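Reading the structure
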Amino acid sequence: MIRLNRYLRNATNQYDKISIMNIRFLLLIFIYILIGPASFATDPLTSEGDDGYRLWLKYEPVTELSVKAEYIKYATFIGQSGKGEILQSASSELQTGFQKLLGKNVPVTESPGKRSGGIVFKLIPGTANDRQDEGYQVQLSGGNIVVSSKSENGILYGAFALLRHMQMQLPVKNLNLASNPKVRYRMLNHWDNTDGTIERGYAGSSLWKWYELPERVDPRYQDYARANASLGINGTVLNNVNASARFMSQEYIVKVAAVANVMRKYGIKTYLSVYFAAPKTLGGLTTSDPLDPQVRAWWKEKVTQIYKEIPDFGGFLVKANSEGEPGPQDYGRTHADGANMLAEAFKPYDGIVIWRAFVYKADPKEDRFKAAYEEFVPLDGKFDPKVIVQVKNGPIDFQPREPFSPLFGNMPKTPLGIEFQITQEYLGFASHAVYEAPIFKECLESDTYVNGKGSTVANVVDGSLHSYSRTLMAGVANTGSDRNWTGHPLAQANWYAFGRLSWDHQLSSEQIAREWTELTLTRNQKARESIVGLMLRSREIYVDYNTPLGLSRPWMGVHFAPEPWQNKGARPDWTAVYYHRADSVGLGFNRTESGSNALVQYRPQVQQQWNNPDKTPLPYLLWFHHVGWDKKLSTGRILWEELCTRLYTGADSVSWMQQQWDLAKSSLDPQIYTDVAQRLKIQHREAIWWRNAWVLYLQTFAKQPVPKGFEPPKQTLEEVKKSVNIYLMR
Ligand code: GCW
């Protein structure tokens with residue numbers, strides 16, 4: 001083209017110029033034919049630069065004209081039918097949505113009368129505090145779209161459901177969106193500290209700017225609330241479970257109140273994690289013994305003080321006698337004594353106490369797997385009705401794959417909530433793409449057999465198995481101050497999936513992935529399918545290169561790097577070797593009768609699934625058995641070969657993920673495309689790092705070559721260790 005232009009400039013006669021211009025025109029057409037369709041294939045979602053801030057609430061203009069015409073029929077007014085502030089949020093969300101989706105400014109009226117052609121809210125009288133009250137129905141009636149619920153929260157959720165429907169450009173003919181939450185308390189747990197850091201946070205610093213509050217209220221708090229409400233999340237614990245006593249001071253209570261004022265408008269209650277020793281450290285008492293009358297009085301007063309500032313305060317979350325945190329056992333009391341003392345302080349109010357069961361003693365002879373069960377099962381029936389015991393999904397600690405915690409089903413007289421970790425502490429932080437819905441679902445669908453077949457963890461958690469109504473699902477948040485909220489753009493899907501599953505645990509991982517991808521990334525079906533495919537396989541791929549066949553790797557010296565050789569720690573169960581138990585004979589933790597016998601904490605039907613190494617499904621094998629290196633597995637390969645096969649194919653599959661992502665490129669926003677493509681490169685490099693670390697280290701025990709077909713690591717074990725040790729240096 002440049003040459004042609006030069007030639008054109010030099011052309012002397014008119015005829016030459018015209019024919020050259022014709023050539024240029026033809027060339028342009030040719031180039032257009034080549035690249036034109038690609039740019040037309042670009043999804044309308046990508047019309048403006050996308051920094052990911054809008055999450056799944058993008059409200060891109062509706063492109064299907066017939067659908068748009070249908071929607072416009074109901075876009076003449078919003079009948080708010082009341083003044084409540086949550087109703088106002090629902091209206092304003094619909095207004096924003098309609099403005100962006102349809103380009104229409106829709107007025108709001110508090111008394112719609114008998115008009116038609118609008119969206120009308122209908123509050124049905126209900127009983128206070130029943131989770132069913134938060135359900136909604138969205139239907140056509142009397143020429144309107146009617147959003148009905150027994151609560152303002154339900155109206156807000158219905159409005160969001162309608163907007164989700166419209167973002168997906170689905171028809172409104174025969175519209176009937178009806179849904180009830182299966183769990184009552186659906187909440188995020190933030191592990192955010194007063195200094196703005198986030199424990200296990202990988203998306204920047206904390207959203208909560210304590211040093212600015214209460215005077216300055218960051219507008220981002222409202223966007224956070226909107227995003228959560230759009231999923232049905234109705235609670236948030238603002239601070240780390242390794243809590244600071246500062247949050248119990250008047251100075252901080254008013255800061256928290258300023259955040260709570262924003263959350264309230266979106267039906268979200270605010271909770272705080274508490275430091276159990278606060279009566280001593282903050283209150284100046286000589287003890288924090290939960291049976292001490294002065295201590296009890298201190299907490300009562302504290303709770304009263306909080307309710308003065310935050311009338312709808314949600315309650316306390318407590319990590320006690322765990323990983324060095326203080327608790328009732330410091331005074332010879334039980335977890336129930338501690339929890340009940342706090343519950344007593346909440347008697348006059350609606351708030352609750354959420355007591356974590358994440359405990360394990362520093363006993364080298366014991367199996368950490370068994371600790372929570374041993375401490376909590378004897379306390380069943382001893383907790384105040386206002387207490388919910390919050391149990392991590394697995395018995396150890398948010399591993400890439402864990403069996404379900406044996407506590408589920410074994411405390412029938414105590415409401416048990418479930419705690420998932422959305423932030424990717426053991427899942428590659430913000431540099432590995434791991435879609436977590438399959439992890440959550442795997443646990444929820446596990447059968448505990450406590451009341452016979454079908455007694456799933458989900459049925460324990462949603463209260464249907466032991467009929468309790470205080471039900472809870474919590475997710476450790478992955479949000480931070482990064483512009484896109486979660487660091488890795490695909491990690492937004494994990495926040496989304498947690499929220500959707502906390503509302504309805506029966507939704508499938510695939511359905512959620514498809515929905516999220518369409519709302520967030522692209523409406524192009526082909527592109528969407530390749531992204532959904534990537535997401536659905538991502539967890540197994542990660543497990544394969546990170547912890548195959550049921551290996552686990554809880555807290556180790558360097559949190560960011562492979563360190564299977566780590567054998568020194570403040571306590572034995574803070575080393576890597578404690579968990580994988582590699583030796584010259586084999587690999588894995590024997591938890592059968594001949595080992596720690598942790599399996600006995602499960603019902604016989606569950607034990608049967610896992611107590612025989614020949615029958616244990618391979619993904620759980622090393623969780624329960626110490627298996628010989630030469631043991632032949634169901635795949636026909638011996639353990640060593642199977643391990644290597646998984647480690648190698650896992651790492652290789654990251655290139656497959658890269659290809660899937662690239663297939664979608666033309667339908668993605670360039671900014672998001674590049675961000676993810678670059679993170680996938682990191683993931684690929686680190687997957688090889690993990691693979692090499694395991695292969696080289698385990699080889700020192702297995703004494704076998706890398707199986708044929710796989711290229712042995714280029715580095716030596718010493719070199720890999722060096723690359724990890726860098727993270728230990730100052
Ligand atoms: O997984 C471990 C984390 C700790 C965390 C702890 C817990 C908040 O490594 O950072 O502390 O679990 O859940 O209490």
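These numbers were taken from a predicted model, which means no experiment stands behind them.

Conventions we followed
- Residues numbered from 1 in each chain as written.
- Predicted model: local features only at pLDDT ≥ 70, side-chain atom pairs only at ≥ 80, totals over all residues.
- Heavy atoms only, no water.
- Near = heavy atom within 4 Å.
- Polar contact = N/O pair within 3.5 Å; in protein donor to acceptor, adjacent residues only side chain to side chain.
- Nonpolar A, V, L, I, M, F, W, Y, C, P; charged D, E, K, R; others polar.
- Buried < 20%, exposed > 50% of the residue type's maximum accessible area, 1.4 Å probe, protein only.
- Helix = DSSP H or I, 4+ residues; strand = E, 2+ residues; numbered from the N terminus.
- Pairing = 2+ DSSP bridges.
- Right-handed = clockwise from strand over helix to strand, strands pointing away.
- Salt bridge = Lys/Arg side-chain N within 4 Å of Asp/Glu carboxyl O.
- Axes fitted to C-alpha atoms, helices over the stretch in contact; angles between N-to-C directions.
- Contact = heavy atoms within 4.5 Å.

A few words now on the site of the ligand. As a matter of local geometry, the ligand sits amid 15 residues, with Glu199, Lys319, Lys392, Asp397 and Glu425 nearest to it. Within the side chain of Glu199, one N or O atom sits 2.4 Å away from an oxygen atom of the ligand. Here Asp397 contributes a side-chain N or O atom positioned 2.5 Å from an oxygen atom of the ligand. Partitioning the shell around the ligand into residue classes produces five nonpolar, two polar and eight charged.

Moving on to the pairing of strand E11 (residues 352-356). The element E11 is largely enclosed, with a buried count of five among its five residues. Judged by which residues are buried, E11 turns out to be covered on both faces: Ile352, Ile354 and Arg356 on one side and Val353 and Trp355 on the other are all buried. Where strand E10 (residues 315-318) lies against E11, four bridges are found, and the strand directions are parallel. Along E11, the bridge assignment pairs Val318 with Trp355. Remark: the E10/helix H10 (residues 335-345)/E11 crossover connection has right-handed handedness. Bridging between E11 and strand E12 (residues 387-392) involves four bridges; their strand directions are parallel. Opposite Arg356, over in E12, you have Gln390 as the bridge partner.

This paragraph deals with the pattern of salt bridges. Per the counting criterion, the structure on display carries 41 salt bridges. The shortest N-O distance in the salt bridge between Asp51 and Arg483 comes to 2.8 Å. Placement of Asp51 in the loop between helix H2 (14-41) and helix H3 (65-72) and of Arg483 in the loop between strand E14 (472-476) and helix H14 (492-503) is noted, with a sequence separation of 432 residues between them. Taking the relative accessible area as the measure of exposure, Asp51 reaches 31% and is therefore partly exposed. Close ionic contact of Asp350 with Lys269 constitutes a salt bridge, the shortest N to O distance being 3.0 Å. Remark: Lys269 occurs in strand E9 (residues 269-274) and Asp350 occurs in the loop between H10 and E11; sequence separation between them is 81 residues. Relative accessible area serves as the criterion here: at 26%, Lys269 is assigned to the partly exposed category. Bridged by salt links that share partners, the residues Asp50, Arg54, Lys58 and Glu60 form one connected network.

Another point: the sheet that holds E9. With respect to topology, eight strands assemble into a closed barrel ordered E7-E8-E9-E10-E11-E12-E13-E14, the strand pairing being parallel. For this sheet, the mean inter-axis angle between neighbouring strands, taken without regard to orientation, is 25°.

All right, on to the sheet that holds strand E2 (residues 108-109) then. The sheet built from six strands is open, its strands ordered E2-E1-E3-E5-E4-E6 with mixed pairing. Strands with a single pairing partner mark the edges of an open sheet, and in this sheet they are E2 and strand E6 (176-179). Relative to strand E5 (residues 144-149), strand E4 (residues 136-141) is paired through six bridges, and the arrangement is antiparallel. In the strand pairing of E5, Val138 is matched with Val147. Across the face of the sheet, helix H4 (residues 85-102) comes into contact with strand E1 (77-79), E2 and strand E3 (118-123) while running at roughly 160° to E3.

The values reported here are purely geometric and, on their own, carry no functional implication.
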